[in-house]
Amino acid sequence: MTELKQQARIENIRLAEKTNKRYLRRIRVSDYLAGQAIYNLGDYPDKVIASPTDYDRALIEKMAKAGVSLIQLHEDWNDACRLYGADKFSAVDEEGMKAFVRLCHDNGIKVIAYVSSGYFQQTDPDFREEFTSIKRAFKNNYFCYRKGNHGNAAWRAYVIPKTLEAMDRYGFDGIFNDWGYDGYVPGSHCHMDKDFYDADVEDMLVQIYSEIKKRGGIYKLHCDRNNPAPCKDKVYDYLWVGEAITKLEPGIGKEYPGYVVPCQDRHFYEGNTLEDYIAYTVPFMQFPLLKTGRPIRGKNTELENVTYYGGDEQEFYKAVGEYMDAHPDGPYVYSLWSSIPDDPDEFNCWSRYFALYKPMVSENSLAYIELRDCDLIRSELFEDIYASMFVNESTYLTVSNLSDKPYTLKLEGLWQDRVTNKIASSFEIASQRISFFVKK
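Residues numbered from 1 in each chain as written. Predicted model: local features only at pLDDT ≥ 70, side-chain atom pairs only at ≥ 80, totals over all residues. Heavy atoms only, no water.

Draft legend 1. Spatial organisation of the overall build of the protein chain. Of regular secondary structure, the protein chain possesses eight helices and 18 strands. Here the C-alpha radius of gyration of the protein chain, 23 Å, is about what a compact globule of 440 residues would show, namely 22 Å. Each of the three principal axes of the protein chain carries a C-alpha extent, and together these read 70 × 55 × 45 Å. When the 440 residues of the protein chain are sorted by exposure, 58% land in the buried category. Restricting the contact set of the protein chain to residue pairs at least 6 apart, pairs at least 24 apart contribute 68%. Within the structure as shown, the protein chain displays about 18600 Å² of accessible surface, and the carbon and sulfur contribution to it stands at 47%. Here the protein chain holds 54 positive side-chain charges and 67 negative ones, and the gap between their average locations is 5 Å. (Helix = DSSP H or I, 4+ residues; strand = E, 2+ residues; numbered from the N terminus. Rg over C-alpha atoms; globule rule 2.2 N^0.38 Å. Buried < 20%, exposed > 50% of the residue type's maximum accessible area, 1.4 Å probe, protein only. Contact = heavy atoms within 4.5 Å. Areas by Shrake-Rupley, 256 points an atom, 1.4 Å probe, with all protein chains shown as cover. Lys, Arg positive; Asp, Glu negative; His and termini not counted. Charge placed at Lys NZ, Arg CZ, Asp CG, Glu CD.)

Draft legend 2. Expanded view of the packing of helix H2 (residues 54–66) against helix H3 (residues 94–106). Viewed as axis vectors pointing N to C, H2 and H3 meet at an angle of 30 degrees, and their least axial separation amounts to 9 Å. Taken together, the axis directions place H2 and H3 in an arrangement best described as roughly parallel. Judged by the twist between their axes, the crossing of H2 over H3 is right-handed. For the pair H2 and H3, the contacting residues are Asp56, Arg57 and Ile60 in the first and Phe100, Leu103 and Cys104 in the second. Among the residues making up the contact of H2 with H3, the classes are represented as four nonpolar, no polar and two charged. (Axes fitted to C-alpha atoms, helices over the stretch in contact; angles between N-to-C directions. Parallel < 35°, antiparallel > 145°, perpendicular 65-115°, else oblique. Left-handed = near helix turned anticlockwise from the far one by under 90°. Nonpolar A, V, L, I, M, F, W, Y, C, P; charged D, E, K, R; others polar.)

Draft legend 3. Molecular detail of the nonpolar core. Of all hydrophobic cores here, the largest spans 125 residues; its most connected members are Met63, Leu73, Trp77, Met97, Phe172, Met285 and Tyr357. Ranked by the residues each element gives to this core, the list is headed by helix H4 (residues 153–170), at nine residues. Counting residues in hydrophobic clusters, the runner-up holds 23 residues, among them Ile13, Met389, Leu411 and Trp415. (Core = buried A, V, L, I, M, F, W, Y, C linked by side-chain atoms within 4.5 Å.)

Draft legend 4. Looking closely at unusual backbone geometry. Between Tyr44 and Pro45 the backbone carries a cis peptide bond, its omega angle lying at 20 degrees. As for its placement among the helices and strands, Pro45 is situated in the loop between strand S2 (36–40) and H2. The omega torsion across Ile340 and Pro341 is 0 degrees, close enough to zero to call that bond cis. By secondary structure assignment, the location of Pro341 is in the loop between helix H7 (312–326) and helix H8 (346–357). Unlike most non-glycine residues, Ala244 shows phi in positive territory, near 65 degrees. A positive phi angle, close to 55 degrees, is found at Glu370, a residue other than glycine. On the basis of relative accessibility, which here comes to 12%, the residue Glu370 falls in the buried class.

Draft legend 5. Looking closely at the pattern of salt bridges. Overall, the coordinates contain 28 salt bridges when judged by the stated rule. A salt bridge links Glu393 to Arg9; the nearest nitrogen and oxygen atoms lie 2.7 Å apart. With Glu393 in the loop between strand S14 (385–391) and strand S15 (395–401) and Arg9 in helix H1 (residues 3–19), this residue pair connects regions lying 384 residues apart in the sequence. Note on Arg9: relative accessible area 12%, which makes it buried. Between Glu95 and Lys98 there is a salt bridge whose closest N-O contact spans 3.6 Å. Within this pair, Glu95 and its partner Lys98 are both found in helix H3, separated by three residues, close to a single helical turn. On the basis of relative accessible area, Glu95 is assigned to the exposed category, the value being 52%. (Salt bridge = Lys/Arg side-chain N within 4 Å of Asp/Glu carboxyl O.)

Draft legend 6. Structural context of H2. Here H2 is 13 residues long and its end C-alpha atoms lie 18 Å apart, about the 18 Å a rise of 1.5 Å per residue gives. Three or more residues of H2 are buried, namely Asp56, Leu59, Ile60, Met63 and Ala66. The buried residues of H2 all sit within an arc of 120 degrees when viewed along its axis, so they share a single face. Turned more than 90 degrees off the buried face of H2, the exposed positions are Asp54 and Lys65. Contact partners of the buried residues in H2: S2, strand S3 (70–73), H3, strand S12 (290–293) and H8. (Expected span 1.5 Å × (residues − 1). Arc of directions from axis to C-beta.)

What follows is the structure, encoded as structure tokens:
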């Protein structure tokens, strides 16, 4: 960094520390991969061939140029039902899976893969009743999952080595853990609030986390819906939230430790676009997960060698199949959390906003989340106005107006709107929209 940039940084941080007097959180950005995406590989339990195609090569290159730094793969990467000679911890197309990972690495993108610390197929020959404390199976679509007991030594001894072997075998950069929590605490029940704590699940998660960190890897955790991890220690790098949430919520999981990655579950957001969702996430240092990859064809719900259990997931894939029969040339659907179809402009919208977000969260930046008293903001910060400051060699401000009427933002000194390039000290922000500014 040049002397000039160092001087600007010193002055900016001094000013921010002096003028930002009350806020929700202060975050020092460190080792943060902000641009994350889901990549659909196929329609399991139909056979999934992971070998990169020309389509994959072009899309991965496009994603890299847009700023995607991490891809998470879901259960389509493995063979959870053991239909094709692999298993829940291995790919049907082993060499193809390795080649896909290399393709991502060649484009500067890291890959993490789904391996649950709880969910396990009841029909798997490795399943043992002693693994679980709950007799009821979780059935939906093709899976009949039992929930492994995080406090059971036999389950830990089985699944932890399998998890790490999968990471090592394919060159994955980490693991995405959809935890499959059984809520089992001797003598009590699970209440997922901020005060709930489970020493068993914490101890198991931290074992996996520490082994992944020894490998220089990344650990993302999903605790269902908008739940925190019931842990006192650090057990993840990223927490994935948003599945099955039925309404827009400002800063979903904003008080949770670590980095929160929100997913817009479009099953519950009819009429709301990604642009709407960004206004509800970015001021809280959250950037939405991009949904992309190979189009879902919906031809995976009536295979002769598969037992199906019904449920909303199976109905979703059937609906996708009917849609694709009528619209073979798209627009397409790319994830279980998509509308039918996905918004064709979602990739472009994600890319435009990520270009604005990325410089705000560069390494060692300081973020002041949800300002409520700031000398540089002269207008009143009403309850539905969410302003955050991000400081490095520049001073950035994001303001979301989540009220039902326009908001006039008044600032001390001159600022530039980073979208319109207007330079002023007063700006009007439309209802349900976010604006991005940089101090002049």
